[in-house]
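Notes for the structure review
If you want the building blocks of each chain, they are given just below.
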Amino acid sequence: VDALSTWCSRPPAAEMSAPLRRAAHAAASSSARLHAARLFASAAPPPHDAFLRLPSHSSPPLSRATAAPVAPVNYSFCKPDYNGPDMSYDPPGRHHLFVPGPVNISESVQREMMRQSVNHRDPFFPQLTFGLLRDLKRLFKSEEGTPYIFPSTGTGAWESALTNTLSRGDKVIMPRYGLFSHLWIDQAQRLGLDVDIMDERWGDGADEARIQAALEADTQHEVKAVCVVHNETTTGVTSDVAKVRAALDAAGHPALLLVDGISSIGACEFKMDEWGVDVAITGSQKALSLPTGLSFCCVSEKAKEAAKASQLSKVFFSWSDMDKMNAEGNFPYTPSIPLLYGLRKQLDRMLAEGMDGVIARHAKHAEGTRRAVKAWGLELLCENPRWHSNSLTVVKTPEGIDSTDMVRSMWAKYNLSLGTGLDQVKGKVFRIGHLGDMNEVMLLGALAGTEMGLIDAGVQIEAGAGVGAALEFFQETSAVIPSRHIFEYPGDSPMRATVY
């Protein structure tokens, strides 16, 4: 603290802007969190971001935790004829990306993808393919499954799961409790499937009892599949896939279990073989911390047997075409080679951390975020703790505050990107993504920016409350980074896969 106070009085700190210099002084005071949050919240938005129509700022009295209110956003930037500010200014520091996908990408992975083009028909390439297919099984926690890699978003993996296992007119059960479960239902219907939609409250997960009852009533076994979105990123809900499997078993029903794990696999516990999942899908832009552009399916023997009778059309997402070329270490079409190298690097990083360690890290970040939300006095959209998500936290905004305007304002003022509310919960919630390549200090920065944005929006919270709650939890639960035990530290313990 003394060193910080001294530094603040000397060049180059003396050349800082007055608000930043005051914030640095405040950070050195005994009430650092409170003062610093207040001061940074009073900073003006960056140049060229005037679409917010925020009033100009002058330095407020230091004793007040106030800032310009969040003004209604001018959404003309969504239209082709937009002629407002070009938003081209490159502000100092990093952009803080905390949406539930796309996510932060490590520098080592980015460097691995920055390479000259190569020929995937050359003799070296099959070993890359074979290694990826081998190690993807560890991501899904499967020894029996067959993994596939497609150059697509998760929507393509949805289509792959449906078209390779089902035929037009087949009956499927699909719970709906958010936008993404709704979109998968829409795809199934457009492919010609007969969908039994089970609507749930947006904020709850799949109802295993309803699924079991429907399967028990299906004495002719007309239902061919149960399709569940594991982690619904609209609502921050993680359904219990193990209990869905138990429902199928209790009903004695042979339906396939297809699971969308796009925003869960690699962040939430997922055990494909143990849970009896027949097709599990995920995407590169979520917990795998890669750019958008790869999707993955892992397929059980039961699903591959069902594929032999499937009559839905498939070309690009054909498993049989993939089987032929994967056997030679290649693909039916030109793959996205830079992304495959990035995948190789990211799998190496995750396996070095250990999949249990990866899940534990995500669980810890989620719990710290929930503690921050509680300290703010706000409520989660997901009310039942059994459905809390490791991937993101969805927070209700107080009555009278448009969460979309608030989130856009945080981007304009603090270079912070959070998720907005979607569809039924648009304007009512905001979403904090905490999955992928992330550590505690990064997340604390996002929570600090969120806290300032909440204060800007007029939410009555004590500056520093949420950040402090998360900080205390992280400090108490964090261990020395593997390979950095350069000293003996009493109380140091390895990270455990604790369930919060």
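Residues numbered from 1 in each chain as written. Predicted model: local features only at pLDDT ≥ 70, side-chain atom pairs only at ≥ 80, totals over all residues. Heavy atoms only, no water.

**Observations regarding empty space enclosed by the protein**
Summed over the entire model, instances satisfying the criterion amount to four cavities of 30 Å³ or more. Roughly 60 Å³ of volume is contained in the largest cavity. Surrounding the largest cavity, Gly236, Arg370, Leu380, Cys382, His388, Ser389, Leu392, Thr393 and Val394 form its lining. Ranked by residues supplied to the lining of the largest cavity, first place goes to strand β11 (residues 392–396) with three residues. Along the lines of polarity and charge, the residues of the lining of the largest cavity split into four nonpolar, four polar and one charged. (1 Å grid on protein atoms, 1.4 Å probe; cavity = no way out; pocket = protein on both sides within 12 Å on 5 of 7 lines; lining within 4 Å. Points joined across faces, edges and corners; volume = space filled by probe spheres on them. Helix = DSSP H or I, 4+ residues; strand = E, 2+ residues; numbered from the N terminus. Nonpolar A, V, L, I, M, F, W, Y, C, P; charged D, E, K, R; others polar.)

**Here's the deal with helix α14 (residues 355–376)**
The first and last C-alpha atoms of α14 sit 32 Å apart over 22 residues, in line with the 32 Å expected at 1.5 Å per residue. Of all 22 residues making up α14, 18 are buried, and the element is well covered by its neighbours. Looking one or two residues beyond α14, the residue adopting positive phi is Gly377, at roughly 80°. (Expected span 1.5 Å × (residues − 1). Buried < 20%, exposed > 50% of the residue type's maximum accessible area, 1.4 Å probe, protein only.)

**A word on the pairing of strand β13 (residues 429–433)**
On a regular strand, one side chain projects to one face of the sheet and the next to the other, so that they alternate. Along β13, five of the five residues are buried, which leaves the element largely enclosed by surrounding structure. Covered by surrounding structure in β13 are Val429, Arg431 and Gly433 together with Phe430 and Ile432, the residues of both alternating faces. Alignment of β11 against β13, held across five bridges, turns out to be antiparallel. Note that in β13 the partner of Lys396 across the bridge is Val429. Where strand β12 (residues 416–420) meets β13, two bridges bridge the pair, whose relative direction is antiparallel. Considered in β13, the bridge of Gly419 is made with Arg431. (Pairing = 2+ DSSP bridges.)

**Concerning the packing of aromatic side chains**
Remark: the centre distance and the inter-plane angle together describe each pair of aromatic rings, the angle taken between the planes. In the structure shown here, the tally under the stated rule is ten aromatic pairs. On the basis of an interplanar angle of 65° and a centroid distance of 5.3 Å, the ring pair of Phe150 and Phe317 is categorised as edge-to-face. In this pair, Phe150 is assigned in strand β2 (residues 146–150) and Phe317 in the loop between α11 (301–307) and α12 (319–326), connecting sequence segments 167 residues apart. We note that Phe150, like Phe317, is buried. Through a chain of ring-to-ring contacts, three or more aromatic side chains come together here, namely Tyr148, Phe150, Phe316, Phe317, Trp319 and Tyr333. The ring of Tyr341 has Arg115 lying over it, and the distance from NZ or CZ to the ring centre is 3.6 Å. (Phe/Tyr/Trp six-rings, centres within 6.5 Å; stacked < 30°, edge-to-face > 60°. Lys NZ or Arg CZ within 6 Å of the ring centre and 35° of its normal.)

**Thoughts on the sheet that holds β12**
Strand order in this open sheet of four strands is β1-β12-β13-β11, and the pairing throughout is mixed. Looking at strand neighbours, the two that pair on one side only are β1 (96–98) and β11, the edges of this open sheet. Across the sheet, the axes of successive neighbouring strands diverge by a mean angle of 30°, strand direction being ignored. Contacts between α14 and the sheet are confined to β11 and β13, with β11 contributing the most and set at about 15° to the helix. Against the sheet, helix α15 (residues 403–414) contacts β1, β12 and β13, and its axis sits at roughly 165° relative to β12. (Axes fitted to C-alpha atoms, helices over the stretch in contact; angles between N-to-C directions. Contact = heavy atoms within 4.5 Å.)

**Some points on helix α9 (residues 241–251)**
Each α-helix winds once per 3.6 residues, and so residues spaced three or four apart point in a common direction. Where α9 is concerned, the buried positions are Val241, Val244, Arg245, Ala247, Leu248 and Ala251. Buried residues along α9 cover an arc of 150° about the axis, so they all sit on one side. Along its buried surface, α9 packs onto α8 (208–217), β5 (223–229), β8 (256–260) and α10 (272–275). Between the side-chain oxygen at the start of α9 and the backbone nitrogen of Ala242 there is a gap of 3.3 Å, and the oxygen is on Asp240. One or two residues past the end of α9 sits Gly252, with phi positive at roughly 60°. (Arc of directions from axis to C-beta. Polar contact = N/O pair within 3.5 Å; in protein donor to acceptor, adjacent residues only side chain to side chain.)

These figures come from the coordinates and say nothing about function on their own.
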